[in-house]
Amino acid sequence: MDCSYAFDYSYILLYNLAFTSLAPIFMGILDQDVNDKVSLAVPGLYRRGIERAEWTQLKFWTYMADGLYQSLICYFFTYLIFRPANFNTESGH
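Thresholds, definitions, all that
Residues numbered from 1 in each chain as written. Predicted model: local features only at pLDDT ≥ 70, side-chain atom pairs only at ≥ 80, totals over all residues. Heavy atoms only, no water. Helix = DSSP H or I, 4+ residues; strand = E, 2+ residues; numbered from the N terminus. Buried < 20%, exposed > 50% of the residue type's maximum accessible area, 1.4 Å probe, protein only. Areas by Shrake-Rupley, 256 points an atom, 1.4 Å probe, with all protein chains shown as cover. Salt bridge = Lys/Arg side-chain N within 4 Å of Asp/Glu carboxyl O. UniProt positions renumbered as here; feature names shortened; annotations may be inferred. Polar contact = N/O pair within 3.5 Å; in protein donor to acceptor, adjacent residues only side chain to side chain. Contact = heavy atoms within 4.5 Å.

Examining the overall build of the protein
Moving on, step 1. A tally of helices and strands in the protein yields 4 helices and 0 strands.
Moving on, step 2. The helix and strand sequence of the protein, counted from the amino end, reads α-α-α-α.
Moving on, step 3. With 93 residues in all, the protein has 1% of them scored as buried.
Moving on, step 4. Accessible area for the protein stands at about 9300 Å²; split by element, carbon and sulfur atoms hold 66% of it.

Re the pattern of salt bridges
Moving on, step 1. Across all of its chains, the model carries 1 salt bridge by this definition.
Moving on, step 2. We note a salt bridge from Arg-48 to Glu-54, for which the minimum N-O separation is 2.7 Å.
Moving on, step 3. Arg-48 sits in the partly exposed class, given a relative accessible area of 45%.

What about the UniProt feature "transmembrane region" (unreviewed entry) in the protein?
Moving on, step 1. In the UniProt entry, the feature "transmembrane region" (unreviewed entry) is given for residues 12–30 and 60–82.
Moving on, step 2. Between the C-alpha atoms that bound residues 12–30 the distance is 27 Å, and the span itself is 100% helix and 0% strand.

Some words on the side chain of Ser-39
Moving on, step 1. Topologically, Ser-39 is positioned in helix H2 (residues 36–41).
Moving on, step 2. We classify Ser-39 as buried; its relative accessible area is 19%.
Moving on, step 3. Among the polar contacts made by the side chain of Ser-39, one reaches the main-chain carbonyl oxygen of Asp-36 at a distance of 2.8 Å.
Moving on, step 4. With sequence-adjacent residues up to four places away left out, Ser-39 is seen in contact with Val-34 and Tyr-46.

What to know about unusual backbone geometry
Moving on, step 1. Despite not being glycine, Arg-52 shows a phi value in the positive range, around 55 degrees.
Moving on, step 2. By the element assignment, Arg-52 lies in the loop between helix H3 (47–50) and helix H4 (57–82).
Moving on, step 3. Overall, Arg-52 belongs to the exposed group, its relative accessible area being 60%.

Okay, structure coming up:
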């Protein structure tokens, strides 16, 4: 009996783990707050946030509309692919 398929599946899982979850985990572990002295000495670090230059209401609603659009595409793409399929057998299962 050939068991090579078990190794291939393990490699796929390792690839997905390495490239989807490990990067955000390491970013969270290595992320550090700015020291108190640095934040008082360089107040320009927070200027963009105070002025709301990076995040606006328009950007927020654009991202919300994009998320809704993508979820509708994912749902209806799958629905329209499987809608014409007949999964019933002659016994009714």
